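Architecture and fold: a report
Take a look at the letters that make up each chain.
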Amino acid sequence: MTLHIEYRTCHSHQSVTKAPALSETRHPAPIPLHQAPPRGLAGLRWVLADIDDTITTHGRLDASAYAALERLRDAGIQVVPVTGRPAGWCDMIARFWPVAAVVGENGALWYSLDQAGRRMRRWTAQPEAERLARRATLDALAAQALSEVPGSAIAADQPFRLFDVAVDFAEDVGPLAPGAAERIAAIFQAGGAAAKVSSIHVNAWMGEWDKRAGVENLFATLWQPLDDVLGQVAFLGDSPNDAPMFGRIPLSVGVANVAPFLPGMATPPAYIASAEGGAGFVEFTEAVIAARNNTERKHHP
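As a starting point, this report considers the structure included with it. All figures in this text were calculated on a predicted structure; none of them were measured in a lab.

A closer look at the overall build of the protein chain
Within the protein chain, the secondary structure is distributed over eight helices and 13 strands. A total of 301 residues make up the protein chain; the buried ones form 54% of that total. Accessible surface for the protein chain amounts to roughly 13,400 Å². Of this, 53% is attributable to carbon and sulfur atoms.

This is how it looks when you write it as structure tokens:
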């Protein structure tokens, strides 16, 4: 998998390797967010967050959640949405939201707007020829899933996707009965595709990447290797497709609506907010700002 980037000063031909398999070991239940160490919160330089039902609430981006993004940015923290949403949405988010970059389609790509140079940096995990060659197989599996799981549908945002197919089970349809999403994912996996379940879609693709791999490439390209700055990074999420990031980032936080998914997660978040969706994201932001303010008061009484 090669680096395709539209920015002359960035490195080219950088590859992404498949993330190691997640541990089968059961982990302790998440600790309430209010018990997170203030020193760790105050030292954050990057905040990574899923979008659907983590920054948003019931499909809406509330003003309070958007304001939280701005507060983090104004505090000098680089915010990076890490989402299963499509390439077309990611281009818009990178241009118009107060974020440093966005990782999309579950790690298949990232975009970062260089405002000074008026250029969009773009990376993809798979060459175009390979993507097109595998598309027919992916589309055939999607048709099989729709046939075998009544009520499911191709997601409304599919026209804006490059690398994956999204099958809707809870956004504009349903929500379908428990187990439906897992049946959809199993059909893709039996056909040789990767598949991840989010709070609204099953995303499937032909390739070896996930949110973790996309984030690691982003950090290595734009900033520093992720391993070198782990203590300065937080991640927030809400569903099973966030598990690779929960397992990778020590200061990982689930918003409250992650709770139903915890029994099936090999790598749950380290902490859990008391509020759901965007309100949980705001709760986290307030904790970060409060920790920073307290640290500054100690240094400048």
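Here the narrative resumes.
Notes on empty space enclosed by the protein
Rolled over the atoms, a probe sized like a water molecule indicates the empty space that remains. One pass over the full model with this rule turns up two cavities of 30 Å³ or more. Empty space within the largest cavity amounts to approximately 80 Å³. D52, G84, R85, S198 and N241 are the residues nearest the centre of the largest cavity, which is lined by 15 residues in total. For the lining of the largest cavity, the class distribution of residues is one nonpolar, eight polar and six charged. The computed volume of the second largest cavity comes to approximately 40 Å³.

Concerning the sheet that holds strand β9 (residues 194-197)
What the four strands build is an open sheet, ordered β7-β8-β10-β9; its pairing is antiparallel. A strand with exactly one partner marks an edge of an open sheet, and here the two such strands are β7 (153-154) and β9. Bridging between β9 and strand β10 (residues 201-205) involves four bridges; their strand directions are antiparallel. Directly across from K196, in β10, lies its bridge partner N203.

Comments concerning helix α5 (residues 180-190)
All buried positions along α5 are accounted for by A180, A181, I184, A185, I187 and F188. Looking straight down α5, one finds that the buried residues subtend no more than 155 degrees of arc, so they occupy a single side. If you follow the buried residues of α5, they end up packed against α4 (128-148), β8 (164-168), β9 and β10. Just downstream of α5 lies G192, where phi reads positive at about 95 degrees.

Quick word on the environment of P269
With respect to the helices, strands and loops of the structure, P269 is situated in the loop between β12 (251-254) and β13 (271-272). For P269, a relative accessible area of 2% translates into the label buried. Along the chain, P269 and D242 lie 27 residues apart, while their C-alpha atoms are 9.0 Å from each other. If near-sequence neighbours (up to four positions away) are discounted, P269 is found in contact with P30, F246, S252, V253, G254, V258 and L262.

Side note on the packing of α4 against α5
In contact at an axis separation of 9 Å, α4 and α5 are set at 145 degrees when each is read in the N-to-C sense. In the packing of α4 onto α5, the handedness of the crossing is right-handed. Across from L138, L141, A142, Q144, A145 and E148 in α4, the residues of α5 making contact are I184, I187 and F188.

Each value, and the rule that gives it
Residues numbered from 1 in each chain as written. Predicted model: local features only at pLDDT ≥ 70, side-chain atom pairs only at ≥ 80, totals over all residues. Heavy atoms only, no water. Helix = DSSP H or I, 4+ residues; strand = E, 2+ residues; numbered from the N terminus. Buried < 20%, exposed > 50% of the residue type's maximum accessible area, 1.4 Å probe, protein only. Areas by Shrake-Rupley, 256 points an atom, 1.4 Å probe, with all protein chains shown as cover. 1 Å grid on protein atoms, 1.4 Å probe; cavity = no way out; pocket = protein on both sides within 12 Å on 5 of 7 lines; lining within 4 Å. Points joined across faces, edges and corners; volume = space filled by probe spheres on them. Nonpolar A, V, L, I, M, F, W, Y, C, P; charged D, E, K, R; others polar. Pairing = 2+ DSSP bridges. Arc of directions from axis to C-beta. Contact = heavy atoms within 4.5 Å. Axes fitted to C-alpha atoms, helices over the stretch in contact; angles between N-to-C directions. Left-handed = near helix turned anticlockwise from the far one by under 90°.

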